Amino acid sequence: MMKKRVVSIMMTAAVLTGLLAGCGGGSGNGTQAADADSGDRTEASAAQDGSKGQEIVVWTQMMDNEAALLQEYANKWASETGNTVSVISQQTDIQQFSQAANSKGGPDGMFGIPNDQLANYVSANLVEEIPADLYHDSDFVDAAVQAGYVNGKKFGYPITVETPFLFYNTDRVPEAPQSWEEMVELAKENGGIVYEATSVYYNLGMLRAFDSYIFQETDTGYDTSDIGLGNANAVKAYEFVNQLANEYGFFSSDITYDMAKSSFQNGEAAFYIGGAWDVAGFTEAGTAFGVSDMPTLNGKDFVTPVGTYVGFVSAKSDAKEETFALYQYLVDNALVPLYEEGSRIPATYKAQESIDNASEATKAQIAQCEKGEPLPTVSEMGLIWQPFSDNMKLMFTGTISPQEAAGYIEQQVKESIEMMQSGQ
């Protein structure tokens, strides 16, 4: 499940940051998707013009079948340019990448890595900054562009996007509501609203609707000393979430992703906040459902976190220019086939508009991405998850108030950041 994988990775991001001062760890084993015939043609082409192109190795955290598809398009680019390319499906970490990147024949970059991991690679000086004129930001979903920035500089090339959206039980409600206020009224009589309410991932929209934030964004990145999880506006967001649990009884303190999904899948809940990762399960179970982008809250668009798969070029590569050119080719030509292969939503408007017979879930996700934003691309984001979840649970049980939850979350996050920055 994509969402659970992304969140799990982010929770360990801060730990990985401190592990790397140089090289370490093993290079790992990957599955290489290669096309020998195309490789032979590339070498023959290079021989004919008397030159030998660059040998480019690209790792990806996409699945093996997706890596194989990328290899097909990389081979086409290679045959046109006289280079050779190997695309390797590799579930890796910073230590493995660093060791490999510093070795002969190591990766020239990653094409397909969750953007929440990017800041850690940048902090470890493993990423080459993207040339200013490589692509036009306006060609991409805005949240995907934002996801490629770290400390005000562009390091990630946007590839695909994903975000949560609204599911509604069509046996219980006839159509999607336009506002949370309307949704709450419908839910009171029709089975409630369920989602993983203890997670900041799903509550980002609550915070933003009441003019708060996780870390304050500035012109040069995120100010991690300015935490928006404990201010007066955050309290308003927590009060609203607490109403859903304790005034309306939609869920309890032990709510989890699996419990929320099961409640909707079994036809008990009227509304569920989930993502593309849930569609197959609901379809197989015969759940009567429709999908929509998220309704407004407090008169504002409901902001969801947009997860973006990005590409980056290794700062250690001897073929930086060629690798960037390869990325351009793949983004221009392989995104629609990638959607058809693995249902990944393209990050470019052109590719989105080129999808034939898009599913309703795809349409809802594309519409919601326009309202979304990336979670802060900083290593400190990994320190948010546990304090937020712990204090939401305490609030739902009535052990602490929304005001106290806000104070405790901010205090605990600040303490964790201080420890991380001091190297403890």
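None of these values were measured; they are calculated from a predicted model.

Enquirer: What's the story with the pairing of strand 12 (residues 271-274) in this structure? I'm lost.
Expert: The side chains of a regular strand alternate, first on one face of the sheet and then on the other. Taking every second residue as pointing to the same face, both faces of strand 12 are buried, with F271 and I273 on one and Y272 and G274 on the other. Note that strand 8 (residues 165-169) and strand 12 share 4 bridges and pair antiparallel. The residue of strand 12 that forms the bridge with Y168 is F271. Across 2 bridges, strand 9 (residues 193-194) lies against strand 12 in parallel orientation. Bridged to I193 within strand 12 is F271.

Enquirer: When you look at the packing of aromatic side chains in this model, what are you seeing that I'm missing?
Expert: To describe a pair of aromatic rings, one takes the distance between the centres and the angle between the planes. Applying the stated rule across the entire model yields 26 aromatic pairs. Ring geometry for F264 versus F282: centroids 5.1 Å apart, planes at 55°, classification tilted. Of this pair, F264 sits in helix 11 (residues 257-265) while F282 sits in helix 12 (residues 276-285), and the two are 18 residues apart along the sequence. In terms of burial, F264 and F282 fall into one category: buried. Counting every residue linked through ring pairs, the aromatic cluster contains F165, F167, F264, Y272, F282 and F289. Sitting over the face of the ring of Y135, K154 holds its NZ or CZ atom 4.3 Å from the ring centroid. We note R344 situated over the ring of Y309; from NZ or CZ to the ring centre the distance is 4.5 Å.

Enquirer: Can you help me understand the side chain of R344 in this one?
Expert: By the element assignment, R344 lies in the loop between helix 14 (335-342) and strand 15 (345-346). At a separation of 2.7 Å, a polar atom in the side chain of R344 contacts the side chain of E66.

Enquirer: Sorry, what's going on with the environment of A325 here?
Expert: When you line up the elements, A325 lands in helix 13 (residues 320-333). Each C-alpha atom of the pair A325 and T81 lies 10.0 Å from the other, and the pair is 244 residues apart in sequence.

Enquirer: What should I look at first to understand the pattern of salt bridges in this one?
Expert: Should the charged atoms of two oppositely charged side chains come close, the side chains can pair. Enumeration according to the criterion identifies 9 salt bridges in this entry. For R344, the salt bridge is made with E66, and the minimal N-O distance between the two is 2.7 Å. One end of the pair, R344, is in the loop between helix 14 and strand 15; the other, E66, is in helix 4 (residues 64-81), and 278 residues separate them in sequence. The exposure class assigned to E66 is buried, which follows from its relative accessible area of 3%. Residue E373 is joined to R208 by a salt bridge in which the shortest nitrogen-to-oxygen separation is 3.1 Å. Of this pair, E373 sits in the loop between helix 16 (360-369) and helix 17 (385-396) while R208 is found in helix 9 (residues 200-209), placing the two residues 165 residues apart along the sequence.

Enquirer: Even after reading the chapter, I still don't get the sheet that holds strand 9, so can you show me in this structure?
Expert: Paired through their backbone hydrogen bonds, the strands of a sheet run either parallel or antiparallel. With mixed pairing, 4 strands are arranged side by side in an open sheet as 9-12-8-13. Strand pairing shows two members of the sheet lacking a second neighbour, strand 9 and strand 13 (289-292), which therefore form its edges. In this sheet, strand 13 lies alongside strand 8 in antiparallel orientation, the contact comprising 4 bridges. Across the sheet, residue L166 finds its bridge partner in strand 13, namely S292.

Enquirer: Looking at this structure, how should I read the pairing of strand 3 (residues 84-89)?
Expert: As paired strands, strand 2 (residues 55-60) and strand 3 are joined by 6 bridges and run parallel to one another. Paired with I56 across the strands is V85, a residue of strand 3. The parallel pair strand 2 and strand 3 is bridged by helix 4, and the resulting crossover is right-handed.

Enquirer: I keep staring at the environment of T296 and nothing clicks. Help me out?
Expert: When you line up the elements, T296 lands in the loop between strand 13 and strand 14 (307-313). For T296 and A209, which are 87 residues apart along the polypeptide, the C-alpha to C-alpha distance reads 8.3 Å. Aside from chain neighbours lying at most four places away, what touches T296 is Q178, S179, W180, E181 and D301.

About the criteria used
- Within every chain, residues take consecutive numbers counted from 1 along the sequence as written.
- Where totals are concerned, whole chains, interfaces and linings use all residues; where local detail is concerned, this predicted model gives features only for residues with pLDDT of at least 70, and gives and counts side-chain atom pairs only at 80 or more.
- Water and hydrogen atoms play no part in the side-chain values, which are based on all heavy atoms of the structure.
- Exposure classes here rest on a 1.4 Å probe applied to the protein chains alone. A residue is buried below 20% of its type maximum, exposed above 50%, and partly exposed in between.
- Working definition: helices are DSSP H or I runs of at least four residues, strands are E runs of at least two. Numbering for both runs from the N terminus.
- Two strands form a pair only when DSSP identifies at least two bridges running between them.
- The pairing test for Phe, Tyr and Trp rings, Trp by its six-membered ring, is centres within 6.5 Å, and the orientation test on the planes gives stacked under 30 degrees, edge-to-face over 60, and tilted for anything in between.
- Only lysine NZ and arginine CZ atoms are considered, and such an atom sits over a ring when it is within 6 Å of the ring centre and within 35 degrees of the ring normal.
- Within 3.5 Å is the distance limit for a polar contact, defined as a pair of N or O atoms, with the added protein rule that one can donate a hydrogen and the other accept it, and that residues adjacent in sequence qualify only through two side-chain atoms.
- A side-chain nitrogen of Lys or Arg and a carboxyl oxygen of Asp or Glu constitute a salt bridge if their distance falls within 4 Å.
- For the handedness criterion, the strands are oriented away from the viewer, and a crossover whose path from the first strand over the helix to the second runs clockwise is classed as right-handed.
- Residues are treated as being in contact if the distance between any of their heavy atoms lies within 4.5 Å.

Geometric descriptors of this kind do not, in isolation, establish any biological role.
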